[in-house]
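One-letter residues, chain by chain:
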Amino acid sequence: MDFSKLWLGYKQLEDCSKKRLIISCEHDLKDSAAVDELKNAAADMMPEAIVLWRSELFDDASYLIVLTVKPELSREEYDIAASDNITEICGGSDIGVLYGVYAFLRRTALEGRFVSFTEHHIPSQPLRMLNHWDNSDGSIERGYSGNSFFFRDGELVVDQRTVMYARLMASAGINATVINNVNVRGLAKHLLSESYADTLTELSELLRRYGIKLFICPDFAAPITVGGLESADPLDVNVINWWTQCCSRLFSSLPNLAGFLVKADSEGQPGPFAYGRDHADGANMLAKAVKPYGGTIIWRCFVYNCTQDWRDEKTDRARSAYDCFKPLDGKFDDNVILQVKNGPMDFQVREPVSPLFGAMDKTNLMAEFQLAQEYTGQQKHVVYLVPMIKEILAHKTHCKGENDEVGKIVCGVAAVANTGDDHCWTGTELAAANLYGYGRLLFDESLSAEQIAEEWIALTFGDDKEVHDKVLEILMESHKAYEDYTVPLGLGWMCKPNNHYGPDPWGYEFDRWGTYNRADRDAVGVERGPEGTGYSTQYSKELADLYGSVENCPDELLLFFHRVPYTHKLHSGKTVIQHIYDTHFEGFEKAEHFAALWDSLESKVDEKTFANVKERFNEQVRCAKEWRDIINCFFHRLSGIDDEKGRKIY
Ligand code: GCU
C-alpha cells in the first residue's frame, strides 16, 4: 500500500487476553461495510484473535459484538451499549450500524482497550459533503497533495485507494462527495455520456456501501457541448428534453447518484444569464429533470463581476452574491440547495460571515468551506481550520429569532477537499487534521475544535503526552499565527496573483477581480458601511449596526468594512499601523516557535512523518518572514510612520 491509513491505522490493544472476536448479526449485515471495518480493526487491534460468527462459542476469552438494524431509529442514527466483553451496536440502517461501529472502534482505540460505555447519536448536519476539484487529466485545481485519485490520464479510476478513501471519509462522518471540479471543462462529456458508465457504476456502489452519496458537476452548457444543441437556454423545450433524457439514463443506471453541483455564470462558466434568464430559471430546470429520481441540485452562489474596473468604487464584489440571489428567495424548487461560500469574497483567512445565510428565509442553503488551503498556506503552512468552521456555524445571523445560527439555518455543509494521491493524502500529515476535524465537527457539532484535535492527535500519533501537548499547541494557535503574519484586520488578498501563495500587497490592486485594499499614504481599507458601498446593510439590523460603524466594528474585520487612517485607534488600544507591525513580528515568531516544537519531537514521531512535516515548517518559517517583511515594509513606506518599538523594518 503506498498510502497511509491515517486515523484508521489502529494499534494493538493493551489487553491481549481476548482470542476470539465474535460478530453476531442478521444475514443482511454479513456483507456490510460495518462488518468489514470490525475485521480490519481486529487485524490491527487483536492480531492474535480469530473472527467468528458463532455466538455459542462466547466465553471469557472472547469479545462479542452484536450488530442490529432497528427500524425505529433514523437512517444514520445509532445506539451503542459496550462493556468489556460484549458490545451491542444498533443502527437505523446498515449505515447507522456502520457509524456505530466507527464510534465504538474510535473509543476503543482512544482507550487502548475495551471499555464500558453507552452512546446514542444522530449526526448534527444532514448533508456532510466534500467537493473535489479534480480534473480528468489527473490534475486538481488548487490541489496541494499530489494528483487526483479519481481521475488518471482521462480515465475514471476505482482501486484500493478509492476503497480507503470511502473508509476514511465514512469514519470521519462524510456522507456525500462531488468527484469533479466545479470548473467542469471536458469532463461533462464523459460523466454525462456512456464513456465512464461502468466505472462510474462501480464507484457509485462502493460509495453507497459506505453511506456516501455521489454527486457530479455537469456543465451548464452540456446541451451544446455534449448534446450538440445550439442553445442551453433553461426555458427552451429542446434543452429541457435533453436534460430530461440525460438524467433518466444517468440516474437509472446509478441508484446512488444524488444530484449535481453547479457553478454557473461564475468566473467564465456558462449559465442562465447568457439567455436573459435568472438563476432560479437555471436551477429549477435541472431540479425538475432530477426530481423523479429523488435528486438534488446544489447551486453555487459564487457569482460576481470578475471584469471590474478598479477605479469603480461603487461596485463591490462582497455585495454580489446577496444582490444576485436575495431577490430570488422563494423562487427555487424544493430540491434546490444554494451553496454559499462562508464569506462574501473567497476563503480568505478572515472574512465576515456571508450575509446570505440570514437573508434567504424561503430557500434551502448550504455553507461552503475550503479545506484545500488555497489562501491559507497551501498545506505548506499549518493552519487548523476547525475552530474557524465551528465559529462560523455558531455565528448568529440575528434573522430568525431563536435558532438563527448558520449551522441551524443550513441543511448541509460542503468543503473543497484537501486530498490527493500522495502518501499521506493531504500533502503533510498535519493537514489531515482539517479533513478529519471537518467531518467530525459536522457529525457532532457539540465537540469543541480542541476535543477534535486531541482525538485526531491520539489516533494519529498515539498517546505520548509530549507529542499530544505540542501538536495540540501548534494546531490551536496556527490560524491566529497565519492571520498575524499575513493580511491584517480582515483586509484580505495581498497574495501573489494566480497561485495565491506568498505576499504581494498590490498583486490584485489594479486588476479586474474586485479585490482591493485601497491602501494609500493616508488610509487603508474598503468603506463598506452605509456611506460606502452599503455592503454592511445586507445584514440584519444588529449586525448592520455592528459592522456599519467604525466605532462598533470588531477589530479583526475593521479594514474589511472601513477605510481608516493608519493612526486610527483599535478597541485593543493600538493604532492600526502599530497593530500591523506587532502582529507581523509576533506571527513570524510563532511560526519559528511551531517549527522548534516540532523539531523537539524528532525521537517520538516516525522518521518519514517527522521529515515531511519538518520540511513544511522550514518553508512556513521562510514564507512567514517574507510576509512579515513585505507587509511591514509596504505599510511603513506608505504611512511614513515608524514602529514605536524601534524594530528594524526591512
Ligand atoms: C477561487 C479559486 C478558483 C475556483 C473558484 C471557485 O476563485 O481560485 O480556482 O474555481 O474559487 O470557487 O469556483
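Structure first, text after, so check above.
These lines cover the structure that appears in this document, whether it is placed above or below. (Residues numbered from 1 in each chain as written. Predicted model: local features only at pLDDT ≥ 70, side-chain atom pairs only at ≥ 80, totals over all residues. Heavy atoms only, no water.)

A count of helices and strands for the protein gives 18 helices and 18 strands. A compact globule built from 650 residues would reach a C-alpha radius of gyration of about 26 Å, and the protein, at 26 Å, matches this within 12%. Considered along the principal axes of its C-alpha atoms, the protein spans approximately 80 × 65 × 50 Å. Counting over 650 residues, the protein shows a buried share of 61%. Roughly 24500 Å² of accessible area belongs to the protein as shown, and the carbon and sulfur atoms make up 49% of that amount. Positive and negative side-chain charges in the protein, numbering 68 and 100 respectively, have mean positions lying 1 Å apart. (Helix = DSSP H or I, 4+ residues; strand = E, 2+ residues; numbered from the N terminus. Rg over C-alpha atoms; globule rule 2.2 N^0.38 Å. Buried < 20%, exposed > 50% of the residue type's maximum accessible area, 1.4 Å probe, protein only. Areas by Shrake-Rupley, 256 points an atom, 1.4 Å probe, with all protein chains shown as cover. Lys, Arg positive; Asp, Glu negative; His and termini not counted. Charge placed at Lys NZ, Arg CZ, Asp CG, Glu CD.)

Of all residues adjacent to the ligand, which total 14 residues, the nearest are E141, K263, R300, K341 and E374. Between an oxygen atom of the ligand and a side-chain N or O atom of N183, the distance comes to 2.9 Å. K341 is positioned such that a nitrogen or oxygen atom in its side chain is 2.6 Å from an oxygen atom of the ligand. Surface burial for the ligand is 96%, taken as the share of its 320 Å² of free accessible area covered by protein chains. Looking at the shell around the ligand residue by residue, the classes come out as four nonpolar, two polar and eight charged. (Near = heavy atom within 4 Å. Polar contact = N/O pair within 3.5 Å; in protein donor to acceptor, adjacent residues only side chain to side chain. Nonpolar A, V, L, I, M, F, W, Y, C, P; charged D, E, K, R; others polar.)

Before going further, it helps to examine the pattern of salt bridges. Pairs may arise between side chains of opposite charge once their charged atoms sit close together. The final tally for this structure, using the stated rule, is 48 salt bridges. A salt bridge links R107 to E111, with the shortest nitrogen-to-oxygen separation between them at 3.1 Å. Here the residue R107 and the residue E111 both occupy positions in helix α2 (residues 94-111), the gap between them amounting to four residues, near one helical turn. On the basis of relative accessibility, which here comes to 30%, the residue R107 falls in the partly exposed class. Between E626 and R622 there is a salt bridge, with the nearest N and O atoms lying 2.9 Å from each other. Taken together, the residues span about one helical turn, with E626 and R622 both in helix α18 (residues 607-639) at a distance of four residues. (Salt bridge = Lys/Arg side-chain N within 4 Å of Asp/Glu carboxyl O.)

With 13 residues, helix α5 (residues 197-209) should cover 18 Å at 1.5 Å per step; its first-to-last C-alpha distance of 19 Å lies within 8% of that length. Contacts made by the buried residues of α5 are with β9 (155-156), α3 (160-172), β10 (176-178), α4 (187-192), β11 (213-216) and β12 (257-262). Where α5 terminates, the next one or two residues include G211, which has phi positive at roughly 75 degrees. (Expected span 1.5 Å × (residues − 1). Contact = heavy atoms within 4.5 Å.)

A word on a negative patch on the surface. Together, E14, D15, D84 and D463 make up a region of like negative charge exposed at the surface. With respect to the helices and strands, D15 occurs in the segment before β1 (20-25). (Patch = residues over 30% accessible without salt bridge, like charges linked within 9 Å, V, L, I, M, F, W, Y side chains within 5 Å.)

The way to describe two aromatic rings as a pair is by their centre distance and the angle between their planes. Here the structure, examined in full by the defined rule, presents 37 aromatic pairs. Measuring from ring centre to ring centre gives 5.5 Å for W493 and Y508, while their planes differ by 70 degrees; the resulting arrangement is edge-to-face. With a gap of 15 residues between them, W493 in the loop between α14 (465-485) and β17 (523-524) and Y508 in the loop between α14 and β17 connect regions that are remote in the sequence. According to the relative accessible area criterion, W493 is buried, its value standing at 5%. A ring pair is formed by Y535 and Y539, whose centres lie 5.5 Å apart and whose planes are at 90 degrees; its orientation type is edge-to-face. Using a relative accessible area of 0% as the deciding quantity, one classes Y535 as buried. Linked through ring pairs, W310, W506, F510, Y566, F634 and F635 together constitute an aromatic cluster. In this structure, R317 is placed above the aromatic ring of Y304, and the distance from its NZ or CZ to the ring centre is 3.7 Å. Lying over the aromatic face of Y501, K380 brings its terminal NZ or CZ to 4.4 Å of the ring centre. (Phe/Tyr/Trp six-rings, centres within 6.5 Å; stacked < 30°, edge-to-face > 60°. Lys NZ or Arg CZ within 6 Å of the ring centre and 35° of its normal.)

Glancing now at the sheet that holds β11. Taken together, eight strands build a closed barrel; the order of strands is β7-β10-β11-β12-β13-β14-β15-β16 and the barrel is parallel. Within the sheet, the average angular offset between the axes of one strand and its neighbour, ignoring direction, is 25 degrees. As judged from the five bridges shared by strand β14 (residues 336-341) and strand β15 (residues 364-370), these two strands associate in the parallel manner. Paired with K341 across the strands is E368, a residue of β15. Against the sheet, helix α8 (residues 279-290) makes contact with β12, β13 (296-300) and β14, and its axis sits at roughly 160 degrees relative to β13, the strand it touches most. (Pairing = 2+ DSSP bridges. Axes fitted to C-alpha atoms, helices over the stretch in contact; angles between N-to-C directions.)

It is worth spelling out the side chain of S148 at this point. Tracing the backbone through its elements, the reader meets S148 in the loop between β7 (127-131) and β8 (151-152). Here S148 falls in the buried class, since its relative accessible area comes to 1%. In terms of polar contacts, S148 uses its side chain to reach the backbone amide nitrogen of F151, at 2.9 Å. Sequence-distant contacts of S148, defined by excluding residues within four places in its chain, comprise D134, G138, S139, I140 and D421.

What follows concerns the packing of helix α7 (residues 237-253) against α8. Taken N-terminus to C-terminus, the directions of α7 and α8 make an angle of 40 degrees; their axes are 8 Å apart at the nearest point. Of the possible angle classes, the one that applies to α7 and α8 is oblique. Where α7 crosses over α8, the two elements pack in a sense that is right-handed. Here V239, I240, W243, T244, C247 and F251 of α7 come into contact with α8, specifically with M285, L286, A289 and V290. Broken down by class, the residue content of the contact of α7 with α8 amounts to nine nonpolar, one polar and no charged. (Parallel < 35°, antiparallel > 145°, perpendicular 65-115°, else oblique. Left-handed = near helix turned anticlockwise from the far one by under 90°.)

Taken together, six strands build an open sheet; the order of strands is β2-β1-β3-β5-β4-β6 and the sheet is mixed. Strand pairing shows two members of the sheet lacking a second neighbour, β2 (50-52) and β6 (117-121), which therefore form its edges. Between one strand and the next, the sheet's axes are offset by a mean angle of 10 degrees, whatever the strand orientation. As paired strands, strand β4 (residues 78-82) and strand β5 (residues 86-91) are joined by five bridges and run antiparallel to one another.

Following the criterion strictly, the structure yields nine cavities of 30 Å³ or more and no others. Approximately 140 Å³ is the volume attributed to the largest cavity. C301, F302, A321, G343 and P344 are the residues nearest the centre of the largest cavity, which is lined by 18 residues in total. Secondary structure elements with two or more residues in the lining of the largest cavity: α9 (320-325) and β14. Considering only enclosed or pocket space, the second largest cavity measures out at about 120 Å³ in volume. In terms of lining, the second largest cavity is formed by 14 residues, of which the most central are Q348, V349, Y375, V487 and W493. Looking at the lining of the second largest cavity residue by residue, the classes come out as eight nonpolar, five polar and one charged. When residues of the lining of the second largest cavity are assigned to domains, at least three map to each of domain 2 (128-461) and domain 3 (462-526 + 563-650). (1 Å grid on protein atoms, 1.4 Å probe; cavity = no way out; pocket = protein on both sides within 12 Å on 5 of 7 lines; lining within 4 Å. Points joined across faces, edges and corners; volume = space filled by probe spheres on them. Domains from an automatic or database assignment.)

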